[in-house]
Amino acid sequence: MTETQSPQPPNGTIGKPPATWRIVLAFILDFFTIFWIAGLGVAFVLGGTTENGFSLDGLPALLCFALMIAYFVVFNRYLGGTIWKRILRAKRTDR
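Below you will find a few notes about this structure. (Residues numbered from 1 in each chain as written. Predicted model: local features only at pLDDT ≥ 70, side-chain atom pairs only at ≥ 80, totals over all residues. Heavy atoms only, no water.)

## Observations concerning the overall build of the protein
Point 1. In terms of helices and strands, the protein carries three helices and two strands.
Point 2. Going residue by residue from the N terminus, the α and β elements of the protein occur as α-β-β-α-α.
Point 3. The buried share among the 95 residues of the protein stands at 23%.
Point 4. Put simply, 53% of the contacts in the protein that link residues at least 6 apart link residues at least 24 apart. (Helix = DSSP H or I, 4+ residues; strand = E, 2+ residues; numbered from the N terminus. Buried < 20%, exposed > 50% of the residue type's maximum accessible area, 1.4 Å probe, protein only. Contact = heavy atoms within 4.5 Å.)

In structure tokens, the structure reads:
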């Protein structure tokens with residue numbers, strides 16, 4: 001093996017992309033997870049909590065959506081993948 005070659009991972013998993021169902025499931029779980037966390041967080045801070053959870057209108061709702069978008073951008077670009085992508089091992093290696 002020369003210096004430019006990297007050692008092969010076990011079980012011959014070189015370049016094998018994750019299954020599509022893992023990627024889709026990770027996105028769905030990430031979406032609902034961050035929706036509830038951001039929604040409850042914004043509602044708690046800005047007074048939008050209800051008996052059944054939270055209710056956001058106007059600027060608090062926009063803030064919630066901005067936090068959701070920031071979650072996906074920051075985690076995917078700077079932290080190597082979202083929480084559920086890491087749990088389900090659904091990270092794409094083609095980038």
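## Quick look at helix 2 (residues 59-78)
Point 1. Spanning 20 residues, helix 2 covers 27 Å between terminal C-alpha atoms, matching the ideal 28 Å at 1.5 Å per step.
Point 2. Every buried residue belonging to helix 2 is among Ala61, Cys64, Met68, Tyr71 and Phe72, and all of these are buried. The buried residues of helix 2 occupy one face: seen down the axis, they fall within an arc of 85°. The exposed residues of helix 2 that point more than 90 degrees off its buried face are Leu59, Leu62, Ile69, Arg77 and Tyr78.
Point 3. Where the residues of helix 2 are buried, they touch helix 1 (20-46) and helix 3 (83-87).
Point 4. Positioned one or two residues after helix 2, Gly80 has a phi angle of 80°, which is positive. (Expected span 1.5 Å × (residues − 1). Arc of directions from axis to C-beta.)

## A word on helix 1
Point 1. The end-to-end C-alpha distance of helix 1, which contains 27 residues, comes to 38 Å, matching closely the 39 Å that a straight helix rising 1.5 Å per residue would cover.
Point 2. Within helix 1, burial applies to Ile23, Ala26, Asp30, Ile34, Ala38, Gly39, Val42 and Ala43.
Point 3. Against strand 1 (49-50), strand 2 (53-54), helix 2 and helix 3 lie the buried residues of helix 1.
Point 4. Positioned one or two residues after helix 1, Gly47 has a phi angle of 80°, which is positive.

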